Every structure is written in C-alpha cells, then in structure tokens.
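Examining the three-dimensional arrangement
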Amino acid sequence: MTVVLAITAGVLFATGTYLLLQKMLSRVIVGLGLIAHAANLIILGSGGEPGAPPVIEEGTTGPYSDPLEQALILTAIVITFGITAFLLALAYRSWTEQGSDEVEDDIEGLLSRIATIA
C-alpha cells in the first residue's frame, strides 16, 4: 500500500508541477491543488499501517495509530483551502478586468534584469 501511495503522490507532484508552469491562472490553481493533495498523501503514508484507536486504556497492548498525521493533514487542507480561495479571487478579478486569466510577462522586470547583467 505504501508503494501505491508513493507512486500516486509522485504522479500528482509531476502533474501539479507541469500545471504550475503554465501561463493560465486556472491551470496554476489546479496544479497547486494537485501538489497539496500529493503532500497530504505523503503525510498519510508516513503514518505507517493503521492500528487501534489512539485511546490507551488500562491493559491495552499492541500498536495504536498516531493522530499526529491526521492533524497535520487537516491543517494542510485548511491552509490549501484558504490559498485556493485567494487565487480564485485573483482569477475572477483578472477575468473581469482583462477578459482572460492568462498571466502576462513582466516586461519591465525582464528589462531590469537584462540591464543589471549588461
């Protein structure tokens, strides 16, 4: 099961990275979501095999599941939701102002970098 999670996370990371490098803001948002899901899968896989509930009673022996991974994933989901909402607001603003969600090249920034090199 761990190998399947690792391969799935790798595919999600690769696809998300490809989408992050696009010029369309909608693709960037989807790529960020894929990378966030891949990170959640890696955290989930680091928890190991599932065990008994994390409540330790008197006389209980054997492995139990650690709730830390679940808490980390829940926190990551909330942070990803906030970032996605912010990026969707930016995409909506870009769509209403320009009629497109394509991110334009920064010509002034490019010219200043060329001037510092020369």
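Residues numbered from 1 in each chain as written. Predicted model: local features only at pLDDT ≥ 70, side-chain atom pairs only at ≥ 80, totals over all residues. Heavy atoms only, no water.

Turning our attention to the overall build of the chain. On a plain count of helices and strands, the chain comes out with 4 helices and 0 strands. Start at the N end of the chain and walk to the C end: the helices and strands fall as α-α-α-α. The 118 residues of the chain split such that 21% are buried. By sequence separation, contacts in the chain at least 24 residues apart represent 52% of the contacts at least 6 residues apart. Total accessible area on the chain is roughly 8900 Å²; 69% of this is exposed by carbon and sulfur atoms. (Helix = DSSP H or I, 4+ residues; strand = E, 2+ residues; numbered from the N terminus. Buried < 20%, exposed > 50% of the residue type's maximum accessible area, 1.4 Å probe, protein only. Contact = heavy atoms within 4.5 Å. Areas by Shrake-Rupley, 256 points an atom, 1.4 Å probe, with all protein chains shown as cover.)

We now examine the packing of helix α2 (residues 25-46) against helix α3 (residues 68-98). α3 packs onto α2 with a crossing angle of 180° between their chain directions and a minimal axis gap of 10 Å. In terms of their interaxial angle, α2 and α3 are classed as roughly antiparallel. When α2 is examined against α3, the residues Leu 25, Ile 29, Leu 32, Ala 36, Asn 40, Ile 43, Leu 44 and Ser 46 are found in contact with a partner set consisting of Glu 69, Leu 72, Ile 73, Ala 76, Ile 77, Thr 80, Ile 83, Thr 84, Leu 87, Leu 88, Leu 90 and Ala 91. Residues of the contact of α2 with α3, tallied by class, amount to 15 nonpolar, 4 polar and 1 charged. (Axes fitted to C-alpha atoms, helices over the stretch in contact; angles between N-to-C directions. Parallel < 35°, antiparallel > 145°, perpendicular 65-115°, else oblique. Nonpolar A, V, L, I, M, F, W, Y, C, P; charged D, E, K, R; others polar.)

Once that is clear, we can look at α3. With 31 residues, α3 extends 45 Å between its outermost C-alpha atoms, agreeing within 8% with the 45 Å of an ideal straight helix rising 1.5 Å per residue. All buried positions along α3 are accounted for by Glu 69, Ile 73, Thr 84, Leu 87, Ala 91 and Ser 94. Next to the buried residues of α3 lie α2. (Expected span 1.5 Å × (residues − 1).)

Before going further, it helps to spend a moment on the confidence of the model for the chain. Per-residue confidence for the chain gives a mean pLDDT of 86; residues scoring 70 or more make up 88%. Of all secondary-structure elements in the chain, the lowest mean pLDDT belongs to helix α4 (residues 107-117), at 81, while helix α1 (residues 2-20) reaches the highest, 93. (pLDDT = per-residue confidence, 0-100.)

Another point: the pattern of salt bridges. Scanning all chains against the criterion turns up 1 salt bridge. One salt bridge in this structure joins Arg 93 and Glu 97, with 3.7 Å as the shortest N-O distance. A residue pair is termed a helical-turn pair when its members lie 3 or 4 positions apart in one helix, as Arg 93 and Glu 97 do in helix α3 at 4 residues. Exposure remark for Arg 93: the relative accessible area of 53% places this residue in the exposed category. (Salt bridge = Lys/Arg side-chain N within 4 Å of Asp/Glu carboxyl O.)

In this structure, Leu 5, Ala 9, Leu 12, Leu 19, Leu 34, Ala 38 and Leu 41 together form the largest nonpolar core, which totals 7 residues. Of all the secondary-structure elements, those providing two or more residues to this core are α1 and α2. Ranked by residue count, the leading element in this core is α1, at 4 residues. When near neighbours in sequence (up to four residues on either side) are disregarded, Leu 12 contacts Leu 34, His 37, Ala 38 and Leu 41. (Core = buried A, V, L, I, M, F, W, Y, C linked by side-chain atoms within 4.5 Å.)

It is worth spelling out the packing of α1 against α2 at this point. Between α1 and α2, the least distance of the axes is 8 Å, while the angle of their chain directions is 160°. Relative to α2, the element α1 lies roughly antiparallel. Pair α1 / α2 crosses with left-handed handedness. (Left-handed = near helix turned anticlockwise from the far one by under 90°.)

A contiguous nonpolar patch, built from Ile 107, Leu 110, Leu 111 and Ile 114 and spanning about 380 Å² of accessible area, is present on the exposed surface. Relative to the helices and strands, Ile 107 is located in helix α4. (Patch = residues over 30% accessible without salt bridge, like charges linked within 9 Å, V, L, I, M, F, W, Y side chains within 5 Å.)

Structurally, Ile 29 can be placed in helix α2. Owing to a relative accessible area of 9%, Ile 29 belongs among the buried residues under this scheme. Ignoring any residue separated from it by four or fewer positions in sequence, one finds Ile 29 in contact with Thr 84, Leu 87, Leu 88 and Ala 91.

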